[in-house]
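Secondary and tertiary structure notes
Chain by chain, the residues:
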Amino acid sequence: MEPPKEFLSSFKPAADLFKIHSDQGAVIRILTHNDADGVASGGILSNVCKRVGTPFKTTVEKRLDEQILKGVAEEKPSLVVLTDFGSGYLELVGKALPDLDVIVLDHHMPMGNQPTRVVQVNPLLHGIDGSRDIAASGVCYLFAKQLDPRNVDLSPLALVGALGDQQDKGEKKSLKGINILIEEEATAAGLLSKDVDLIFYGHETRPIARAIANTTTPFIPGLSGREDSCVAFLDHVGIPLKTGDRMQSLSDLDEEEKRKLFSALSSHMVAEGCDAKTVHNLIGTVYTFKKEEATTPMRDGREYSSLLNACARMRRPSLGIGICLGDRGEAMKDSEQTVDEYRRKIGGYLDWVRTGDRIKELNAIYVLSAGTDIDENIVGVVSSILLGQGILKSTKPIVSAANSDDGTVKISSRIAEGTAYMGIHLGKIMQEAAGAVKGAGGGHDNAAGAFIPPGAEDEFMRRVDELVAKQWSGS
Ligand code: C5P
């Protein structure tokens, strides 16, 4: 597959600018977003800097604001690279960093005028769907390849970011669009193999109960994060944990056993309040990174992305960057512990939501007001699960709020795929409603967010409800 030429040539000015600075061995300051795509993007760029031998500093931020950019300006780097955010905050960047060269590698909706010292690469400027066809990590990967074709070995990280942003919207939960081109490059380089199966993490390598318990996408209420419950569940279904002396993995099961397991999981999910259709999320394209050790979480594309997501959301992003840079020792061990805590947290939050009748239904949206009961960094993940698992019964978007540790309120919004195609653009709605209450927001059509001042939540939700209803009726 060939990507649009115009998009590919848009990398050249950014690559040229990067080379000018890296050839001088000048300090490159990378800022990226705190999710799997952001960490994979920051990881790709950190590898690039390391390989060309230029000093760099990478940080992972929950958002871009004046204060963060002011701190960056005070560090006086030679070049700033913003990835997985930036396009929505171009004027802010221009104002805060007027004397610095800046490269923005993003896939969020561009907003405002591009300041003179900012070079931006964004698929949306070339008619490419940045929510589904390429993630920020894909943009960073193509940038890395433009600098040096040998950076093809970073292609798995590009796929990890796309999986983290749930871009597996193709047939059988496969990646699509420009992501396919990246897949082809990874396959040709001997780094990737794909097959269609139950998508539990480590389907070839882990004992079945652990594979089910470790999986967070999809998140199965009552089983994800709870290995002992998975053991009891398998026992009840009649799937033996062992074959001879060896623990069985999913790939050891024959077709009949797999069917039995699928059907039992379906019944379990429906009994837990999930929509019957969402059980099909259990089967899909499995991405295996062939050069990674078979027993590690980096072997499976979705598990790798969950690991990076967990590190970022649990405020330990440097572990994730370390792993992207190749650390398979301490960082990997610590990150596995972090993922355990992350899974337990999500399970607890879902119990909190489901047992407490916490979701309010307005005219056009669902509202979840979590206050301090859900971590601001995880409220978006919880919203995705509530929507993706069919726990919410209508097609309305969900808009969640949680208190942020900086005194503002963090907003996360998600919309089901079918509904996003009906002309609703959450990123634009977040921008407008947040702007009206002196906050800031943006994002994709199907997943977006904002930060708003405390006390503005009711007014903000009222505006979002109105805007969604308006876009809906216009579609
Ligand atoms: O934080 P959350 O996961 O809910 O964010 C959803 C999407 O919205 C992310 O891609 C994020 O980058 C984007 N976003 C944004 N501006 C904000 C908050 C979130 O563009 N102020």
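Residues numbered from 1 in each chain as written. Predicted model: local features only at pLDDT ≥ 70, side-chain atom pairs only at ≥ 80, totals over all residues. Heavy atoms only, no water.

Regarding unusual backbone geometry
A positive phi angle, close to 50 degrees, is found at lysine 173, a residue other than glycine. In this fold, lysine 173 is placed in the loop between α7 (155-164) and α8 (178-188). We classify lysine 173 as buried; its relative accessible area is 17%. In this structure, lysine 438 is a non-glycine residue whose phi angle is positive, near 65 degrees. Take lysine 438: it is sitting in the loop between α17 (426-436) and β14 (440-443). (Helix = DSSP H or I, 4+ residues; strand = E, 2+ residues; numbered from the N terminus. Buried < 20%, exposed > 50% of the residue type's maximum accessible area, 1.4 Å probe, protein only.)

As for the nonpolar core
Counting 107 residues, the largest nonpolar core has Phe143 and Leu261 as its most contacted members. Aside from chain neighbours lying at most four places away, what touches phenylalanine 143 is Phe11, Ala14, Ala15, Phe18, Leu45, Ile103 and Leu105. Grouped together as the second largest cluster of nonpolar side chains are 24 residues, Ile424, Ala434, Val437 and Val464 included. (Core = buried A, V, L, I, M, F, W, Y, C linked by side-chain atoms within 4.5 Å. Contact = heavy atoms within 4.5 Å.)

Notes on the packing of aromatic side chains
What the rule picks out here adds up to three aromatic pairs. Between phenylalanine 18 and phenylalanine 143, the aromatic rings sit 5.6 Å apart at their centres with planes inclined by 90 degrees, giving edge-to-face as the arrangement. Placement of the pair is phenylalanine 18 in helix α2 (residues 11-23) and phenylalanine 143 in helix α6 (residues 136-147), with a sequence separation of 125 residues. Across this residue pair, the class does not change: phenylalanine 18 and phenylalanine 143 are buried. Between phenylalanine 289 and tyrosine 304 the ring centres are 6.4 Å apart and the planes differ by 75 degrees, which places this aromatic pair in the edge-to-face class. Taken together, the residues span a long stretch of sequence, with phenylalanine 289 in strand β9 (residues 283-289) and tyrosine 304 in helix α12 (residues 301-313) at a distance of 15 residues. On the accessibility criterion, phenylalanine 289 (2% relative accessible area) is buried. (Phe/Tyr/Trp six-rings, centres within 6.5 Å; stacked < 30°, edge-to-face > 60°.)

Quick notes on the site of the ligand
Around the ligand sit 16 residues in total, of which Tyr89, His108, Lys410, Ser412 and Arg414 are the nearest. For the ligand, an oxygen atom lies 2.7 Å from a polar atom in the side chain of lysine 410. A distance of 3.1 Å separates an oxygen atom of the ligand from a polar atom in the backbone of glycine 443. Here the ligand, which alone exposes 460 Å², has 90% of that area covered by the protein. The set of elements that each furnish at least two residues to the shell around the ligand consists of β13 (409-414), β14 and β15 (447-452). Taken together, domain 1 (5-188) and domain 3 (359-474) each give at least three residues to the shell around the ligand, which thus spans both. (Near = heavy atom within 4 Å. Polar contact = N/O pair within 3.5 Å; in protein donor to acceptor, adjacent residues only side chain to side chain. Areas by Shrake-Rupley, 256 points an atom, 1.4 Å probe, with all protein chains shown as cover. Domains from an automatic or database assignment.)

Here we look at the pairing of strand β4 (residues 101-105)
Counting buried positions over the five residues of β4 gives five, a clear majority of the element. Burial along β4 is two-sided: the face carrying Asp101, Ile103 and Leu105 and the face carrying Val102 and Val104 are both buried. When strand β3 (residues 79-83) meets β4, the two strands line up parallel, connected through five bridges. Looking across to β4, one finds that valine 80 is bridged to valine 102. After leaving β3, the chain enters helix α5 (residues 90-96) and then returns to the sheet as β4, a path that is right-handed. Here four bridges tie β4 to strand β5 (residues 118-121), and the two strands are oriented parallel to one another. Across the sheet, residue valine 104 finds its bridge partner in β5, namely glutamine 120. (Pairing = 2+ DSSP bridges. Right-handed = clockwise from strand over helix to strand, strands pointing away.)

Points about the domain arrangement of the protein chain
Examined at the domain level, the protein chain breaks down into domain 1 (5-188), domain 2 (195-289 + 292-351) and domain 3 (359-474). On a C-alpha basis, the centres of domain 1 and domain 2 stand 29 Å from each other. With 26 residues of domain 1 at the contact, the number on the domain 2 side is 22 residues. Between domain 1 and domain 2, a total of about 1900 Å² is buried, with carbon and sulfur atoms accounting for 72% of that surface. Broken down residue by residue, the surface that domain 1 buries against domain 2 is led by Val39, Leu163 and Lys173, which jointly contribute 29%. On inspection of domain 1 and its partner domain 2, the count reaches one salt bridge. In this structure, aspartate 168 and arginine 302 form a salt bridge, with 3.0 Å as the shortest nitrogen-oxygen distance. Across the domain 1-domain 2 interface, the total number found is seven residue pairs in polar contact (both at pLDDT 80 or more). Only α3 (36-52), β2 (56-61) and α7 provide two or more residues apiece to the side of domain 1 that touches domain 2. Per-element accounting of the side of domain 1 that touches domain 2 gives the leading share, eight residues, to α3. By residue class, the composition of the side of domain 1 that touches domain 2 is ten nonpolar, nine polar and seven charged. (Buried area = accessible area lost by both parts, 1.4 Å probe. Salt bridge = Lys/Arg side-chain N within 4 Å of Asp/Glu carboxyl O. Nonpolar A, V, L, I, M, F, W, Y, C, P; charged D, E, K, R; others polar.)

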